[in-house]
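Results of the structural survey
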Amino acid sequence: MTLPQFDDFDHETHMREAFELAREAAARGDEPFGSVLVRDDTVVMTDSNRVVTDADIRRHPELHLAYRACREYDADERAEIVMYTSTKPCPMCAGGMATAGFGRVVYSVGHEEIAEFTGSKPTTSSAEILDGITDIVGPVLNEDGRRIHREFDW
């Protein structure tokens, strides 16, 4: 199987869509996280954080998209998918993404940065969990992503 040329994807446009989903999450009372799945440089799924509004600690967009992708795509198809996410995934989400086996993850705000915004300690890096499974690239449009977190009432 030949993987798509992920470097040719429109990273900034896809990341901006993830940002818009993060803003929508914040506007409805959830934390500002959004993600999109892209195949052949086309968005195939989107999601945003719904932990508060769905009263479900599992409703991080990355984990929910991994779940949905596993139901709708086979392993070879998932290897052709890139997840664009407004913030580097937490360990829980990275675990789900390891099972999904996406070809790449592209993020904007790193896990160390989100720890600064939330006043918490940095978590295990998703790069450690996904090492050897999924390539992780970032930060992309970092200042734009950081702005979303600065505007949120952490």
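These lines cover the structure that appears in this document, whether it is placed above or below. (Residues numbered from 1 in each chain as written. Predicted model: local features only at pLDDT ≥ 70, side-chain atom pairs only at ≥ 80, totals over all residues. Heavy atoms only, no water.)

1. What about the environment of Arg 146?
Secondary-structure assignment places Arg 146 in helix H7 (residues 142–151). Sequence-wise, Arg 146 and Lys 88 are 58 residues apart; in three dimensions their C-alpha atoms are separated by 12 Å. The contacts of Arg 146, once residues within four sequence positions are left out, are Val 109, Glu 113 and Phe 117. (Helix = DSSP H or I, 4+ residues; strand = E, 2+ residues; numbered from the N terminus. Contact = heavy atoms within 4.5 Å.)

2. With respect to the layout of surface pockets
Roughly 320 Å³ of internal volume is contained in the largest pocket. For the lining of the largest pocket, the elements supplying multiple residues, two or more each, are helix H2 (61–72) and helix H5 (111–118). A per-element tally of the lining of the largest pocket places H5 first, with four residues. (1 Å grid on protein atoms, 1.4 Å probe; cavity = no way out; pocket = protein on both sides within 12 Å on 5 of 7 lines; lining within 4 Å. Points joined across faces, edges and corners; volume = space filled by probe spheres on them.)

3. Quick notes on the packing of helix H1 (residues 11–27) against H7
Viewed as axis vectors pointing N to C, H1 and H7 meet at an angle of 0 degrees, and their least axial separation amounts to 11 Å. The orientation of H1 relative to H7 falls into the category roughly parallel. Taking contact as the criterion, the partners of Arg 16, Phe 19, Ala 22 and Arg 23 in H1 are, on H7, Asp 144, Gly 145 and Ile 148. Tallied by class, residues from the contact of H1 with H7 come to three nonpolar, one polar and three charged. (Axes fitted to C-alpha atoms, helices over the stretch in contact; angles between N-to-C directions. Parallel < 35°, antiparallel > 145°, perpendicular 65-115°, else oblique. Nonpolar A, V, L, I, M, F, W, Y, C, P; charged D, E, K, R; others polar.)

4. Things to note about the nonpolar core
Ranked by internal contacts, the top residues of the largest apolar core, which has 16 residues, are Leu 37, Met 83, Met 97 and Phe 102. Taken together, the elements giving at least two residues each to this core come down to H2, strand E3 (81–87) and helix H4 (91–100). For Phe 102, the residues in contact, after removing those within four places along its chain, are Leu 37, Leu 65, Ala 66, Ala 69, Arg 78, Ala 79, Ile 81, Met 83, Met 97, Ile 133 and Thr 134. (Core = buried A, V, L, I, M, F, W, Y, C linked by side-chain atoms within 4.5 Å. Buried < 20%, exposed > 50% of the residue type's maximum accessible area, 1.4 Å probe, protein only.)

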